[in-house]
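Working through the structure, step by step
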Amino acid sequence: MWEFRHGTKPFEAKIVDTKWLKDFQTRKWDVRPGDSLRAIVKTTLQYGFDNELVAIHNIIEEVKGVIPLPTSKQLKLPDAD
């Protein structure tokens, strides 16, 4: 299971895109903390007898690409004399 975030809400999902997983494991994809995945996600909702939501299951069916975290411009520190 992988942990993702959609907006501000975290969720867990299994990635079933075996080709992308093999490429990731052989370092063809560079995914770093803060990066995003563009993907096709299947969400299944399960309801109880009283129509209450009892479970949410997410599956990453296909990864389309990686969106790197935008780099921020850092101010250069002055040289110490």
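What to know about the pattern of salt bridges
Across all of its chains, the model carries 4 salt bridges by this definition. Taking the shortest distance from any N to any O, the salt bridge between lysine 19 and aspartate 23 comes out at 3.0 Å. Here lysine 19 and its partner aspartate 23 are both found in helix α1 (residues 18-25), 4 residues apart, which amounts to about one turn of the helix. When its relative accessible area of 57% is taken as the criterion, lysine 19 is described as exposed. The residue aspartate 23 makes a salt bridge to lysine 28 at a minimum N-O spacing of 3.8 Å. For aspartate 23, a relative accessible area of 14% gives the class buried.

Re the sheet that holds strand β2 (residues 9-15)
The sheet built from 4 strands is open, its strands ordered β1-β2-β4-β3 with mixed pairing. If you trace the sheet from one side to the other, it starts and ends with β1 (2-6) and β3 (36-47), each paired once. Direction aside, the axes of adjacent strands within the sheet are offset by 45 degrees on average. With 2 bridges joining them, β2 and strand β4 (residues 53-67) adopt parallel strand pairing. Bridge pairing in β4 places isoleucine 15 opposite isoleucine 60. Packed onto the sheet, α1 meets β1, β2, β3 and β4 and runs at close to 110 degrees relative to β1.

Digging into α1
Looking only at α1, the buried set comprises Trp20, Leu21 and Asp23. Buried residues of α1 fall within an arc of 160 degrees about the axis and therefore sit on the same side. Residues Thr18, Lys19, Lys22 and Gln25 are exposed on α1 and point more than 90 degrees away from its buried face. Along its buried surface, α1 packs onto β1, β2, β3 and β4.

Some details on the nonpolar core
Within the largest apolar cluster, 7 residues are counted, these being Phe4, Ala13, Ile15, Trp20, Leu21, Ile60 and Val63. Elements that contribute at least two residues to this core include exactly β2, α1 and β4. The residues contacting alanine 13, other than those within four sequence positions of it, are Met1, Trp2, Phe4, Asn58, Ile59 and Ile60.

What counts and what doesn't
- Residues numbered from 1 in each chain as written.
- Predicted model: local features only at pLDDT ≥ 70, side-chain atom pairs only at ≥ 80, totals over all residues.
- Heavy atoms only, no water.
- Salt bridge = Lys/Arg side-chain N within 4 Å of Asp/Glu carboxyl O.
- Helix = DSSP H or I, 4+ residues; strand = E, 2+ residues; numbered from the N terminus.
- Buried < 20%, exposed > 50% of the residue type's maximum accessible area, 1.4 Å probe, protein only.
- Pairing = 2+ DSSP bridges.
- Axes fitted to C-alpha atoms, helices over the stretch in contact; angles between N-to-C directions.
- Contact = heavy atoms within 4.5 Å.
- Arc of directions from axis to C-beta.
- Core = buried A, V, L, I, M, F, W, Y, C linked by side-chain atoms within 4.5 Å.

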